[in-house]
Amino acid sequence: MLPAYRTPCWPCWLVPDALRAPVTVGFIPNMFGPPPHYTFRHLVAYTALGVALTVFASLATFNQNAGVLETSQLTAASGTVTWVATHKYGVKFRLSTQPGVLDYPSKSGGNGTVSSALANAGTETVYALYNPTPRRPLYSDEDHFDVWEVRVGSVVVRSVAESQAGWRSDNAIAPWLFAVFLLATIYFGWFAWRARPRSGQ
């Protein structure tokens, strides 16, 4: 075992000797050791996941407009609100004349304002600009359309410009995520390489 050393204290006369617990330096190399109880397959799986997340984060890291749509790319819908549901990732609602589910994503910002406006719209006509390309979540058999603008009557609740700003703000954290995922990928990849099965063993 490596020898123990006492942590420097300043000023030393404030701390009695009995309270100065020795710290073993043997813990330092363990900070850079492989994660405990992980097999080669575990390390490879985490490395592959890290690669996928790093690639995903890089899309917004090198392009702050990733996922941001322009008004010309959106389709208009209107009708009265027949259903509203607020969830963790946004506000879902249906319009009387629009098939499928309209989904205002949380990353656009202003979820509370949009949810309140839709819930209190009553018989007023609601107008929405949405991405015409549908997506279908795993938990649903209906098409979902991402909404970029909501208007109740003549009042614009959330504009395209505000939603775009929300997406760009959300994309701003991508460089930090990219760095974390990249370091994690290198970490697991290094130990996966060292733990790889070798011929003759």
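Residues numbered from 1 in each chain as written. Predicted model: local features only at pLDDT ≥ 70, side-chain atom pairs only at ≥ 80, totals over all residues. Heavy atoms only, no water.

**Description of the environment of Ala184**
Turning to its location among the elements, Ala184 is positioned in helix H5 (residues 174–194). A C-alpha to C-alpha distance of 9.1 Å links Ala184 and Val51, two positions 133 residues apart in sequence. (Helix = DSSP H or I, 4+ residues; strand = E, 2+ residues; numbered from the N terminus.)

**Comments concerning the confidence of the model for the protein chain**
Predicted confidence across the protein chain gives a mean pLDDT of 77, with 71% of residues reaching 70 or more. Of all the helices and strands in the protein chain, strand S1 (residues 4–6) carries the lowest mean pLDDT, 43, while strand S7 (residues 126–130) carries the highest, 97. Within the model, pLDDT remains below 50 along residues 1–29, and this stretch shows 17 contacts once partners closer than five positions in the same chain are excluded. (pLDDT = per-residue confidence, 0-100. Contact = heavy atoms within 4.5 Å.)

**Here we look at the packing of aromatic side chains**
What characterises a pair of aromatic rings is the spacing of the ring centres plus the angle enclosed by the ring planes. Under the defined criterion, the tally for this structure stands at one aromatic pair. Seen in terms of ring centroids, Tyr130 and Phe145 are 5.3 Å apart; in terms of plane orientation they differ by 70°. Their pairing is edge-to-face. Taken together, the residues span a long stretch of sequence, with Tyr130 in strand S7 and Phe145 in strand S8 (residues 144–152) at a distance of 15 residues. Taking relative accessible area as the criterion, Phe145 reaches 11% and is therefore assigned buried. The cationic tip of Arg94 hangs over the ring face of Trp83; the distance from NZ or CZ to the ring centre is 5.3 Å. (Phe/Tyr/Trp six-rings, centres within 6.5 Å; stacked < 30°, edge-to-face > 60°. Buried < 20%, exposed > 50% of the residue type's maximum accessible area, 1.4 Å probe, protein only. Lys NZ or Arg CZ within 6 Å of the ring centre and 35° of its normal.)

**Describing the side chain of Asp103**
Mapped onto the secondary structure, Asp103 falls in strand S6 (residues 101–105). Its relative accessible area of 3% is what places Asp103 among the buried residues. If we ignore the near neighbours within four places in the chain, the residues touching Asp103 are His87, Gly90, Val91, Lys92, Arg135, His144, Phe145, Asp146 and Val147.

**A closer look at the pattern of salt bridges**
Applying the stated criterion across every chain yields a total of four salt bridges. Across the pair Arg135 and Asp103 runs a salt bridge, and its minimum N-O distance is 2.8 Å. One end of the pair, Arg135, is in the loop between S7 and S8; the other, Asp103, is in strand S6, and 32 residues separate them in sequence. Using a relative accessible area of 32% as the deciding quantity, one classes Arg135 as partly exposed. Across the pair Asp146 and Arg135 runs a salt bridge whose closest N-O atoms are separated by 2.9 Å. In this pair, Asp146 is assigned in strand S8 and Arg135 in the loop between S7 and S8, connecting sequence segments eleven residues apart. Classification of Asp146 as buried rests on a relative accessible area of 15%. Overlapping salt bridges bring together Asp103, Arg135 and Asp146 as one network. (Salt bridge = Lys/Arg side-chain N within 4 Å of Asp/Glu carboxyl O.)

**Section: a nonpolar patch on the surface**
A surface patch of nonpolar side chains, amounting to about 340 Å² of accessible area, comprises Tyr38, Tyr46, Leu49 and Leu53. Mapped onto the fold, Leu53 is located in helix H2 (residues 40–61). (Patch = residues over 30% accessible without salt bridge, like charges linked within 9 Å, V, L, I, M, F, W, Y side chains within 5 Å. Areas by Shrake-Rupley, 256 points an atom, 1.4 Å probe, with all protein chains shown as cover.)

**Some words on the pairing of strand S9 (residues 155–158)**
Of the strand pairs in this sheet, S8 and S9 are connected by three bridges, and their pairing is antiparallel. Looking at the pairing, Val150 lines up with Arg158 of S9. The antiparallel pairing of S8 with S9 creates a hairpin that spans two residues between the two strands, and Gly153 there sits at a positive phi of about 65°. (Pairing = 2+ DSSP bridges.)

**Examining the pairing of strand S4 (residues 81–87)**
In terms of strand pairing, S4 meets strand S5 (residues 90–95) through six bridges, oriented antiparallel. In the strand pairing of S5, Ala85 is matched with Lys92. Counted between consecutive antiparallel strands, the loop separating S4 from S5 contains two residues.

**Looking at the environment of Ala52**
Following the sequence through the fold, Ala52 ends up in helix H2. Residue classification places Ala52 among the partly exposed positions, given a relative accessible area of 45%. For the pair Ala52 and Phe181, spaced 129 residues apart in sequence, the C-alpha separation works out to 9.0 Å.

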